[in-house]
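Descriptive structure summary
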Amino acid sequence: MKFSDREHLRALFTRPTNYINTNKGKEYYDNLYKKMERRLAQLKAQRPVREDEIKFEEYLKAWELTRRDFLKWVSATTAMLMLPPQFEPLVAQAAEVMNRVPIIWINIQDCAGNTEALLRSSSPTVDELILEYLSVEYHEVIMAAAGDQAEENLEKAVKDFDGKYLLFVEGSIPVGMPEAFTIGRHPKTGVEHVQHLAKHAAAVIAVGSCAAFGGVPAAHPNPTGAVGVMDVVKGKPIINIPACPANPANITGVVIHYILTGEIPELDSLLRPKFAFGYRIHDNCERRAHFDAGEFVEEWGDFGAKNNFCLYKMGCKGPFTFNNCSIIRYNDGTNWPIGVGRGCIGCSEPNFWDVYATERPTADSPIQPPVGRGVESSVDEFGLGILTATAIGIGIHAVASALAGKREEKNEEN
């Protein structure tokens, strides 16, 4: 799925900004609730993938997290998935049966940045609920096995969980230089490796911009012929979770949605989950009011930079980028690039390195800075969906901050 610069910009601005329907009516949600109840009942009736798996409550105790801490996370996750509050009990149950879903995670042409984002998060949405409580059957970065043993483990997982596992792919696929990817004593090309594992998976999740769209390896002149997973895998559900790196909260959300429904979430035209990528960063940015008022950083270190003015003239690509970075943020919800004074580089969009990652506005963009100092757009133009998104972000940020503070207190006591 290739886009020229101009075609991509046209696609961004010919669809409405607030196209997510966050209120689909009582009948819709009643039917969805019943469907999720049936799905969870099926999972509860299954045995965990590993028979010796300890119970979810024991994981909470091991990390000194109370039931209250967990329920706060449940509320934030329910909101992120755009579900009404009455779905919170189902989200809690989904977390408790996550060990029924096997995971295979492979790395192709990548820097392992998405894995690092998971490993270095102190949030229970990742460590406890994904890397520990989920049954990760194969992951080259974190597993102890190597060589023949690793290959045997992978093929055993494929055989044992044929058609049931979620395949996570990290990194681009080098179709123009097959020798750029080799692994193990019986190596396959990157294309062969991904296609073989995708054939036996329930769904394929491309984690990070490299796996989704080719990312940095696909930048000009793209010597390896790097492409995204959707360019080489056909006939399987594919979910793209781009960004560099992907936000762990969005990975968690996709897995929780799959557990709740047995299906992939609603996707946009680029196969990204709408609950995470249905927002334009520009519309939810804390500096948006400065854009509307015509107040910009003109050069690094000037008055505008010191007073958090809009970074558009310094090349911020927030107006062209769809992601929830400004809502859920990074580093346990503490901050994000614009929050630390650096403009967005559009890393969740196709061809971002060639199109967006420069310190200059996009020349042929329909977005133009307003003239004068008056605020030229009213809040009504943003719509109720934007206000709802902001409220979700406040809730998620509050939960993450509370958990981070609790850990800091514990470290000080030790």
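What counts, and where the lines are drawn
Residues numbered from 1 in each chain as written. Predicted model: local features only at pLDDT ≥ 70, side-chain atom pairs only at ≥ 80, totals over all residues. Heavy atoms only, no water. Helix = DSSP H or I, 4+ residues; strand = E, 2+ residues; numbered from the N terminus. Buried < 20%, exposed > 50% of the residue type's maximum accessible area, 1.4 Å probe, protein only. Contact = heavy atoms within 4.5 Å. Areas by Shrake-Rupley, 256 points an atom, 1.4 Å probe, with all protein chains shown as cover. Pairing = 2+ DSSP bridges. Patch = residues over 30% accessible without salt bridge, like charges linked within 9 Å, V, L, I, M, F, W, Y side chains within 5 Å. Salt bridge = Lys/Arg side-chain N within 4 Å of Asp/Glu carboxyl O.

1. Some remarks on the overall build of the protein
Within the protein, the regular secondary structure consists of 18 helices and seven strands. Of all 414 residues assigned to the protein, the portion counted as buried reaches 52%. If you take every contact in the protein between residues at least 6 apart in sequence, the share linking residues at least 24 apart comes to 80%. For the protein, the computed accessible surface area is about 18800 Å², with 53% contributed by carbon and sulfur atoms.

2. A few points about the pairing of strand β1 (residues 102-107)
Burial analysis of β1 places six of its six residues in the buried class, which makes it a mostly covered element. Burial of the side chains of β1 extends over both faces: Pro-102, Ile-104 and Ile-106 are buried on one face and Ile-103, Trp-105 and Asn-107 on the other. As judged from the four bridges shared by β1 and strand β2 (residues 135-139), these two strands associate in the parallel manner. Looking across to β2, one finds that Pro-102 is bridged to Ser-135.

3. Here we look at a nonpolar patch on the surface
A cluster of nonpolar side chains, namely Leu-119, Val-141 and Ile-142, defines an oily patch on the protein surface of about 210 Å² accessible area. The topology assignment puts Ile-142 in the loop between β2 and α8 (147-160). Assessed through its relative accessible area of 37%, Ile-142 is described here as partly exposed.

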